[in-house]
Amino acid sequence: MAQPSPSSTPTAGPPASELDPLRDAAANAGRWVGAAVQSGLLAGEPEYADTVARHFNYVTAEWEMKMDPIARVQGQYDFAGADAIVAFAEAHGMKVKGHALLWHGATPAWVGDLAPAEARRVAEAYIRTVVSRYRGRVAAWDVVNEAVAEDGSGLRDTVFLRKLGPDYVAEAFRLARGADPQALLIYNDYGGEGSGVKSDRIYELVRDLRARRVPIDGVGLQMHIEAGGYPQPDEMAANVRRLVELGLVVNVSEMDVRIRNVPGTQSARLDAQRRTYRDVVAACIAQPRCHAVTFWGFTDRYSWVDGFFGPDDPLLFDEAYRAKPAFFGVQDALLGR
Ligand code: G3I
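Because the structure is predicted, anything quoted here is derived from the model rather than measured.

Visitor: I'd like a rundown of the environment of K198, residues and numbers included.
Guide: Note that K198 resides in helix 9 (residues 197–211). Given a relative accessible area of 4%, K198 falls into the buried group. For the pair K198 and S153, spaced 45 residues apart in sequence, the C-alpha separation works out to 8.0 Å. Leaving out residues up to four positions away in the same chain, K198 has contacts with V148, A149, E150, G152, R156, D189, Y190 and G191.

Visitor: Please provide a residue-by-residue account of unusual backbone geometry, values included.
Guide: Cis geometry is found at the peptide bond from H99 to A100, where omega equals -5°. Mapping A100 onto the fold places it in strand 3 (residues 95–102). Here the bond from Y230 into P231 is cis, since omega is -5°, no more than 30 degrees from zero. As for its position among the elements, P231 is in the loop between strand 7 (224–226) and helix 10 (233–244). Although it is not a glycine, E146 adopts a positive phi angle of roughly 55°. Among the structural elements, E146 can be located in the loop between strand 4 (140–145) and helix 7 (159–164). The class of E146 is buried, set by a relative accessible area of 9%.

Visitor: Before we move on, can you summarise the state of the cysteines with the specific residues and values?
Guide: Taken as a whole and judged by the stated rule, the model has one disulfide. Through a disulfide, C284 is tied to C290; the S-S separation comes to 2.0 Å. One disulfide, between C284 and C290, carries an S-S torsion of -105° and so falls in the left-handed class. Judged by relative accessible area, which is 0%, C290 ranks as buried.

Visitor: I'd love a proper account of the site of the ligand, names of residues and values included.
Guide: The ligand sits among E62, W63, K66, H99, W103, N145, E146, Q222, H224, E254, W296 and W304. Between the ligand and the protein, one listed contact pairs a nitrogen atom with a side-chain N or O atom of E146 at 2.9 Å. Residue W296 places a side-chain N or O atom 2.9 Å away from an oxygen atom belonging to the ligand. Contact with the protein chains hides 60% of the accessible area of the ligand, taken as 790 Å² for the molecule alone. Broken down by class, the residue content of the shell around the ligand amounts to four nonpolar, four polar and four charged.

Visitor: Quick one: what's the story with the nonpolar core, residue by residue and with numbers?
Guide: Formed by 109 residues in total, the largest nonpolar core has its most connected members in W141, V144, Y187 and F295. Once residues lying within four places of it in the same chain are set aside, the contact partners of F295 are V33, G34, A35, A36, F56, E254, M255, Y277, V281, L316 and V330. Counting five residues, the second largest nonpolar core, distinct from the first, contains Y58, A140, V249 and A292.

Visitor: Quick one: what's the story with the pattern of salt bridges, residue by residue and with numbers?
Guide: In this structure the tally under the stated criterion is 21 salt bridges. For the salt bridge of R301 with E45, the shortest nitrogen-to-oxygen distance reads 3.5 Å. Of the two residues, R301 sits in the loop between strand 9 (290–295) and helix 12 (304–308) while E45 sits in the loop between helix 2 (39–44) and helix 3 (46–55), which places them 256 residues apart along the sequence. Take E45: its relative accessible area is 15%, and that puts it in the buried class. Between R174 and D167 there is a salt bridge, with its nearest N and O atoms 3.9 Å apart. Three or more residues are tied together by salt bridges with common partners; here these are D167, R174, D208 and R212.

Visitor: Break down the packing of aromatic side chains for me, with residues and values.
Guide: The tally for this structure, following the rule as stated, stands at 16 aromatic pairs. Relative to F298, the ring of F56 lies with its centre 5.8 Å away and its plane at 55°, an arrangement referred to as tilted. Of the two residues, F56 is situated in the loop between helix 3 and strand 2 (58–61) and F298 in the loop between strand 9 and helix 12; the sequence distance between them amounts to 242 residues. Using a relative accessible area of 0% as the deciding quantity, one classes F56 as buried. A residue is classified by how much of its surface remains accessible, and F298, at 1% relative accessible area, is buried. These aromatic residues form a ring-pair network of at least three members: Y48, F56, Y277, F295, F298, Y302 and Y321. The ring of F309 carries R258 above its face, with NZ or CZ at 3.8 Å from the centroid.

Visitor: Outline the pairing of strand 2, supporting the account with residue identities and numerical values.
Guide: The alternating pattern of strand 2 places Y58 and T60 on one face and V59 and A61 on the opposite face, and all of these are buried. Both strand 1 (residues 32–37) and strand 2 contribute to a ladder of four bridges, which runs parallel. Following the sheet pairing, G34 is matched in strand 2 by Y58. Here strand 2 runs beside strand 3; their pairing, made up of three bridges, is parallel. In the strand pairing of strand 3, T60 is matched with K97.

Conventions we followed
Residues numbered from 1 in each chain as written. Predicted model: local features only at pLDDT ≥ 70, side-chain atom pairs only at ≥ 80, totals over all residues. Heavy atoms only, no water. Helix = DSSP H or I, 4+ residues; strand = E, 2+ residues; numbered from the N terminus. Buried < 20%, exposed > 50% of the residue type's maximum accessible area, 1.4 Å probe, protein only. Contact = heavy atoms within 4.5 Å. Disulfide = S-S within 2.5 Å. Near = heavy atom within 4 Å. Polar contact = N/O pair within 3.5 Å; in protein donor to acceptor, adjacent residues only side chain to side chain. Areas by Shrake-Rupley, 256 points an atom, 1.4 Å probe, with all protein chains shown as cover. Nonpolar A, V, L, I, M, F, W, Y, C, P; charged D, E, K, R; others polar. Core = buried A, V, L, I, M, F, W, Y, C linked by side-chain atoms within 4.5 Å. Salt bridge = Lys/Arg side-chain N within 4 Å of Asp/Glu carboxyl O. Phe/Tyr/Trp six-rings, centres within 6.5 Å; stacked < 30°, edge-to-face > 60°. Lys NZ or Arg CZ within 6 Å of the ring centre and 35° of its normal. Pairing = 2+ DSSP bridges.

The following block contains the structure:
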């Protein structure tokens with residue numbers, strides 16, 4: 001479990017418990033608004049759980065629906081964390097996104113020791129077992145996560161490419177569809193939210209999948225970004241448009257907005273963050289088939305960013321669950337203000 005962020009946020013906005021629910025504003029816009037969550041915090045920290053239930057109608061497991069925690073030991077499945085998150089969602093009228101079936105960033109080490117034929121058998125069994133377990137209870141799956149190389153040259157060199165070959169992406173989607181005919185099946189990635197070589201390569205990947213009638217329904221734009229940086233709203237809008245024109249839905253899947261490098265006062269940083277949250281959510285809302293926005297956490301008390309990029313305040317609520325200007329930027333975008 002992540003430790004509370006060491007950085008302090010001077011804002012003293014209203015507590016989450018006193019704010020109009022973001023999920024109501026999202027519902028009015030016909031959208032899902034979500035957050036990445038951890039089952040231990042849902043069970044052990046009432047203010048965390050209450051804030052999730054009040055403000056979001058969509059949850060993604062930050063960790064517990066990945067292969068590493070579920071299949072830590074070959075031949076065994078541990079669904080305790082995943083089951084807890086799905087149960088919480090169902091108890092609070094929320095949808096669930098399963099994240100992520102195949103991702104090199106959360107694959108147990110024993111997979112790398114398998115011969116290709118065994119790896120294929122294991123991957124097929126894993127996808128069928130996990131997706132079948134939550135059939136009808138998970139609204140969407142990130143079937144494959146971050147399969148495209150950063151330089152846009154092709155598929156990233158992962159254990160899946162090496163063991164299963166370049167068609168593993170299509171095969172994973174077919175297996176997921178076979179296990180759940182209703183769930184939205186998503187390709188999820190970062191660094192392709194606007195224009196650029198990686199964005200173009202992701203577009204080519206999903207265009208090819210659609211052309212081959214592979215059962216892919218959408219693309220997740222992770223949106224781990226810096227305030228005022230990439231993507232600019234117009235390039236995000238153009239990218240979303242071209243993906244939608246393939247017949248796909250699009251979702252903002254893991255949004256957080258770093259501000260440590262924004263010049264000026266903390267107040268200036270927080271306002272730049274507010275504008276970026278507003279602009280990205282508005283660019284999604286402007287496109288009817290951009291159907292969901294998920295934040296990668298929701299309180300600066302727990303964010304992966306601190307451990308990866310250094311202390312920052314990337315989310316909507318501060319460490320004390322008080323609203324930051326970013327919260328109101330999202331609310332304004334959802335309300336079309
Ligand atoms: O909680 C367990 C603990 O019980 C266990 O003993 C320990 C052993 O390593 O692991 C602990 O789990 C950690 C988990 O976060 C929960 O806090 C894992 O070590 C740690 O690797 C995991 O990091 C997550 C990371 O993905 C890798 O799965 C981050 O929380 C999560 O924010 C991050 O999210 C990713 C998305 O899935 C994909 N896009 C990028 C994004 C940021 O990296």
